[in-house]
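Examining the three-dimensional arrangement
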Amino acid sequence: MPPPDFMMPMPVKVMQRRQELATTWTLDVETGPDELAAFTPGQFNMLYVFGVGEIPVSFSGDPAGRDRHCFTVRAVGPVSRALTELPIAASLGKRGPYGTGWPLAAAEGADLALIAGGLGLAPLRPVLYHVLRYRQRYGRITLLYGTRSPSDILFRDELDGWRRRQDLEVRVTVDHAGSEWPGQVGVVPALVPTLGFDASNTVAFLCGPEVMMRLTASALLDAGLAPAGIYLSMERNMKCALGHCGHCQFGGVFVCKDGPVLPYPRLRGLLSLQEL
Amino acid sequence: MKDIAQLVGEHPFFQGLDPSFCQLVCGCARNVRFEPGEYLFHEGGDADQLYLIRHGRVALEIAVPGKWSLSFQTLQDGDLVGVSWAVPPYHWAYDARAIELTRAIAVDARCLRQKCDADPALGYEVLQRLLPILISRLQATRLQILDVYGDRDQ
């Protein structure tokens, strides 16, 4: 069999679709050939809606699942909107997986702080599936998830399930809420000092809006975490996904190929620049 | 059972306070408890107390006419509720409501202010502990205003 052409979308079908939030859907799609089924949590596929366009979408499902890939998409532009409107059995193009994943092997033995904001919980969900499957390989695991309001909480049922586990600490916070909300209200960076982790043995994975990640990384550094122990998943305008076109270039980094998961020291100094 | 001096000295806001200062603060302090749903204070009221949460959770809320109250921050064990007691005209700027059984130390703000005025070293000590909280809440507010989880196109 010839090697796959990484610029050629593979036609696959939508197997299932679930509405997560008002404008956010999760699509289960066929994996395509076996050699393209495996992925590392944190990687992404390029998804192509025929006649509309192509966008990068991170895997949001279980990395051990081999019969389908999950992608969680919020309708914000023409392609993402078309993706969320695809019915079951519709065809779409898929290529990848691309990019770097979260350093799960390197983090074995350490405590994990998984910090997500908004839709950023989706690329971290495969990490949770992985670390809970191999729970004994990791120390204390904390998930801190922040979003806009209670009605914007992603994967609510799963979060409730994870919260019931004894081996996982789950903290959910919202930026604002009505008086009926019994949970936490406050921004993610402000909650970092309350996590009570062992800074000398903690690795942090951050995924969410860039401002939130930047301020959260600062809070983690203030709490004593080493810069090399902080990883961020970056989002840029990826086109080729192979590091050729330069659309996703961020300083000296090609986010599609060098990222999207990058250690903080590679991003330090770039995150607060208005223009590059 | 711990006395008020122990409780004040163990609370993060006053932890490590010089014993002579602690004694001054304790002269203004008492134990209080709030049932779930009970208000600690209301917007516009006199900010004549400050509350140090020992156990429990408190929501800071702004009433929106015709709608539910909007909660913009929750505070829990170890937190200070309310900062308006430190700045004239000493009026609360929002509502504070216990969302679960909350035990706290209430400090009479007039009493504390008088003691801070009389002993600037105590006043400086209190301000040093208050300012990081104010800065942290200011930064949190900045992030909330940015509405970072909203759609970028909106």
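Cut-offs applied
- Residues numbered from 1 in each chain as written.
- Chains lettered and ligands numbered in written order.
- Predicted model: local features only at pLDDT ≥ 70, side-chain atom pairs only at ≥ 80, totals over all residues.
- Helix = DSSP H or I, 4+ residues; strand = E, 2+ residues; numbered from the N terminus.
- Expected span 1.5 Å × (residues − 1).
- Buried ≥ 20, exposed ≤ 12 C-beta atoms within 10 Å, placed from the backbone.
- Contact = placed C-beta atoms within 7 Å.
- Domains from an automatic or database assignment.
- Nonpolar A, V, L, I, M, F, W, Y, C, P; charged D, E, K, R; others polar.
- Pairing = 2+ DSSP bridges.
- Core = buried A, V, L, I, M, F, W, Y, C linked by C-beta atoms within 7 Å.
- Axes fitted to C-alpha atoms, helices over the stretch in contact; angles between N-to-C directions.

**Looking at helix α5 (residues 210-222) of chain A**
The α-helix advances 3.6 residues per turn, and as a result positions three or four apart in sequence lie on the same side. With 13 residues, α5 of chain A ought to run about 18 Å at 1.5 Å a step, and its terminal C-alpha atoms sit 18 Å apart, in line with that. Every buried residue of α5 of chain A is listed here: M212, M213, L215, T216, A217, A219 and L220 of chain A. For α5 of chain A, the secondary structure elements touched by its buried residues are β7 (111-117), α4 (188-191), β12 (202-207), β13 (230-233) and α7 (264-267) of chain A together with α4 (120-146) of chain B. One or two residues past the end of α5 of chain A sits G224 of chain A, with phi positive at roughly 105 degrees.

**Comments concerning the domain arrangement of chain A**
Residues and elements named next belong to chain A. What the domain assignment lists for chain A is domain 1 (10-98) and domain 2 (111-232). Relative to domain 2, the C-alpha centre of domain 1 lies at a distance of 24 Å. Elements supplying a minimum of two residues to the side of domain 1 that touches domain 2: β1 (10-21) and β5 (68-74). Considered class by class, the residues forming the side of domain 1 that touches domain 2 number five nonpolar, six polar and three charged.

**Details of the interface of chain B and chain A**
Each partner contributes to the interface: chain B provides 21 residues, whereas chain A provides 24 residues. Tallied by class, residues from the side of chain B that touches chain A come to ten nonpolar, seven polar and four charged. The pairing of strand β10 (residues 177-178) of chain A with strand β5 (residues 70-76) of chain B spans two bridges and is classified as antiparallel. Looking across to β5 of chain B, one finds that A177 of chain A is bridged to S71 of chain B.

**Regarding the pairing of β5 of chain A**
Residue and element names in this part refer to chain A. Across the seven residues of β5, six count as buried, placing the element largely inside the fold. In terms of strand pairing, strand β2 (residues 24-30) meets β5 through seven bridges, oriented antiparallel. The partner of L27 across the bridge, within β5, is F71.

**Comments concerning unusual backbone geometry**
In this structure, P260 of chain A follows G259 of chain A across a cis peptide bond, with omega equal to 10 degrees. Note that P260 of chain A resides in the loop between α6 (255-258) and β16 (261-263). Although it is not a glycine, F155 of chain A sits at a positive phi angle of roughly 50 degrees. Inspection of the secondary structure puts F155 of chain A in the loop between β8 (141-147) and α3 (156-164). Overall, F155 of chain A belongs to the buried group, with 20 C-beta atoms counted inside 10 Å. With phi around 50 degrees, D147 of chain B is a residue other than glycine that occupies positive phi space. As for its placement among the helices and strands, D147 of chain B is situated in the segment after α4.

**Remarks on the nonpolar core**
In this structure, L114, A204, F205, L206, Y231 and L232 of chain A are the most contacted members of the largest nonpolar core, which totals 77 residues. Both domains that meet at this core, namely domain 1 (10-98) and domain 2 (111-232) of chain A, each give it at least three residues. The residues touching A204 of chain A, leaving out its near neighbours within four places in the chain, are A113, I115, L220, L225, G229, I230 and Y231 of chain A. Listed in part, the 39 residues of the second largest apolar core include L17, L52, I53 and L75 of chain B.

**Quick notes on the sheet that holds strand β8 (residues 102-108) of chain B**
Residue and element names in this part refer to chain B. Read from one edge to the other, the open sheet built from four strands follows the order β1-β8-β3-β6, with strand pairing classed as antiparallel. Two strands in the sheet have a free side with no partner beyond their single neighbour: β1 (29-34) and β6 (80-81). Both strand β3 (residues 49-55) and β8 contribute to a ladder of six bridges, which runs antiparallel. Note on β8: the bridge partner recorded for H55 is R103. Contacts from helix α3 (residues 109-118) reach β3 and β8, with the element oriented near 45 degrees to β8.

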